[in-house]
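As a plain string of letters, each chain reads:
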Amino acid sequence: MNVDILVIGQGISGTCLSYFLAKENISFLVIDDNQLNSPSRVAAGIINPVTGRRIVRTWMIEELMPFVWGFYIELGNELGITAISEKKIIDFFPSPQMKLAFEERINEGDFFLQRPTDENNFLNQFNYSFGYGIVSPSYTVHLDRLLSAWRNKLKERNELLEEEFDLTELKVEKEKIVYKNITAKKIIFCDGVQSSTSSYFNKLPFAPNKGEMLIVEIPGLSNEYLYKKGMTLAPLSEPGLFWLGSNYLWEFKVENPSNEFYKQSELLLQSWIKLPYKILEHKTSIRPATIERRPFVGFHPQQPAIGILNGMGTKGCSLAPYFAKQLADHISQNKPILPEADIKRFRKILER
Ligand SMILES: Cc1cc2nc3c(=O)[nH]c(=O)nc-3n(C[C@H](O)[C@H](O)[C@H](O)COP(=O)(O)OP(=O)(O)OC[C@H]3O[C@@H](n4cnc5c(N)ncnc54)[C@H](O)[C@@H]3O)c2cc1C
């Protein structure tokens, strides 16, 4: 079998890349082993324009938000699903200081932040003492639907091989790669944390980060909003089900769900929610994060047939579509990749 590009991985990165390759009439095959605990399958799918204690805007968000909205609407239309929804985040202040910080950012003119008209609006559903602010717009990407609908499309078009990719079977030449019976001009790794241990990319400054979440049933709670107080409660596609998370662990011994996170979440739910709820599931995954919090995009300086789209960290839903398009445009029209994301910035390390 001959294709232009062999794509490894069908998380959000491989999904977006294969979508843009198809748009540009570049032939491809995706190999994915369907790991059910991959971060793309455990994530909440939230795109929140602000972050941190100072409620600052996230990197490039003014450019990313309109781009990804258009992308997910278009992809959803092609697949006959709702791939993205706009939501307001109800940000309950954990302390008077946080309320003050939020007020300061509103006064500085941040248009993503708003004051509520009535601070008592959520008193029937939640306990809170210091009021709340509103972050709007924010988005949720319906990753569960999107990944499986795109997977089905790939299967229909014979563009998916459902198996584990074995790096020892890869033969790399300057102008092409050969993998078993597949010959391609290039191979692009969208395989998440797996790349942090591969012989081609293990020198990139990956910083894998463990995150956990619970699935909670809260039948009486409106799915119109995301709710935040220390953790985030986000509606899932199935009515009455919510995603609760997460933690961010740079150092971890095991990938299994931890008792600490479960207990911490249980305590939060007990003190925060007034409605009846039931914890249904506890899952964990490892984010492909990077030390300088910027993605890894582009081709290996010594192996021009080997590329990567990775390092999405906590922001795969907003970064993956944007940089998948850049990578596809780079392949088809030799357009430049944003220098802060291009792995050319690690040329010296990768050439060692
Ligand atoms: C708890 C948690 C919450 C999160 N919440 C959000 C959020 O709300 N918003 C957001 O934007 N991001 C969130 N993230 C981060 C987001 O999940 C990641 O940035 C994103 O999923 C990374 O996607 P990816 O496609 O690059 O990698 P992955 O999701 O890791 O996908 C890699 C794919 O490659 C496949 N694969 C790997 N190795 C092989 C192999 N050898 N052979 C074949 N296939 C292989 C895997 O099966 C998988 O399908 C969260 C992450 C976690 C853990």
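As a reminder, the structure under discussion sits directly above these lines.
Notes on the structure follow. All of these numbers come straight from a predicted model, not from anything done at the bench.

### Thoughts on the pairing of strand β14 (residues 225–229)
Item 1. For strand β6 (residues 84–92) and β14, the ladder comprises four bridges, and the chain directions are parallel. Looking at the pairing, Asp91 lines up with Lys228 of β14.
Item 2. With three bridges joining them, β14 and strand β15 (residues 231–235) adopt antiparallel strand pairing. The partner of Tyr227 across the bridge, within β15, is Leu233.

### Observations regarding the side chain of Ser18
Item 1. Note that Ser18 resides in helix α1 (residues 12–23).
Item 2. The exposure class assigned to Ser18 is buried, which follows from its relative accessible area of 0%.
Item 3. Side-chain polar atoms of Ser18 contact the side chain of Trp150, separated by 2.9 Å.
Item 4. For Ser18, the contacting residues outside a window of four places in its chain are Phe28, Val30, Trp150 and Leu154.

### Quick word on the site of the ligand
Item 1. Taken together, 37 residues form the shell around the ligand, and within it Ser13, Asp32, Asp33, Ser40 and Gly313 come nearest.
Item 2. Here Ser13 contributes a side-chain N or O atom positioned 2.7 Å from an oxygen atom of the ligand.
Item 3. Between an oxygen atom of the ligand and a side-chain N or O atom of Ser40, the distance comes to 2.5 Å.
Item 4. Contact with the protein chains removes 97% of the 1,000 Å² of surface that the ligand exposes when unbound.
Item 5. Listing elements by their share of the shell around the ligand, those giving two or more residues are α1, α2 (39–42), β17 (278–287) and α7 (316–333).

### Examining a negative patch on the surface
Item 1. Together, Asp33, Glu164, Asp166 and Glu169 make up a negatively charged patch on the protein surface.
Item 2. Residue Asp166 is classed as partly exposed on the basis of its relative accessible area of 31%.

### Quick word on the side chain of Thr290
Item 1. By secondary structure assignment, the location of Thr290 is in the loop between β17 and β18 (296–299).
Item 2. By relative accessible area, which is 3% here, Thr290 ends up buried.
Item 3. Polar side-chain contacts of Thr290 include one of 2.9 Å to the backbone oxygen of Arg294.
Item 4. Excluding residues within four positions of it along the chain, Thr290 makes contact with Pro205, Phe206, Ala207, Phe296 and Gly311.

### So, the pattern of salt bridges
Once their charged atoms are close, side chains differing in charge can pair, the charge on each being opposite to the other.
Item 1. Using the criterion set out here, one finds 20 salt bridges in the structure.
Item 2. Of the charged contacts in the structure, one is a salt bridge between Asp32 and Arg151, with a shortest N-O distance of 3.1 Å. Here Arg151 lies in helix α5 (residues 143–156) and Asp32 lies in the loop between β2 (28–31) and α2, a separation of 119 residues in the sequence. Comparing Asp32 with Arg151, the two get one shared label, buried.
Item 3. In this structure, Arg157 and Glu159 form a salt bridge, with 3.0 Å as the shortest nitrogen-oxygen distance.
Item 4. Overall, the relative accessible area of 16% leaves Glu159 in the buried class.
Item 5. Where salt bridges share partners, they join Arg54, Arg57, Glu62, Arg105, Glu108 and Asp110 into one cluster.

### Focus: the environment of Arg53
Item 1. Summarising the element assignment, Arg53 is placed in the loop between β4 (50–51) and β5 (56–57).
Item 2. Considering only alpha carbons, one finds Arg53 and Phe102, 49 residues apart in sequence, at a separation of 9.0 Å.
Item 3. Setting aside residues up to four positions removed in sequence, Arg53 forms contacts with Met98 and Ala101.

Reading the values: the criteria
Residues numbered from 1 in each chain as written. Predicted model: local features only at pLDDT ≥ 70, side-chain atom pairs only at ≥ 80, totals over all residues. Heavy atoms only, no water. Pairing = 2+ DSSP bridges. Helix = DSSP H or I, 4+ residues; strand = E, 2+ residues; numbered from the N terminus. Buried < 20%, exposed > 50% of the residue type's maximum accessible area, 1.4 Å probe, protein only. Polar contact = N/O pair within 3.5 Å; in protein donor to acceptor, adjacent residues only side chain to side chain. Contact = heavy atoms within 4.5 Å. Near = heavy atom within 4 Å. Areas by Shrake-Rupley, 256 points an atom, 1.4 Å probe, with all protein chains shown as cover. Patch = residues over 30% accessible without salt bridge, like charges linked within 9 Å, V, L, I, M, F, W, Y side chains within 5 Å. Salt bridge = Lys/Arg side-chain N within 4 Å of Asp/Glu carboxyl O. Lys, Arg positive; Asp, Glu negative; His and termini not counted. Charge placed at Lys NZ, Arg CZ, Asp CG, Glu CD.

Note that all results are geometric; they support no functional claim without further evidence.
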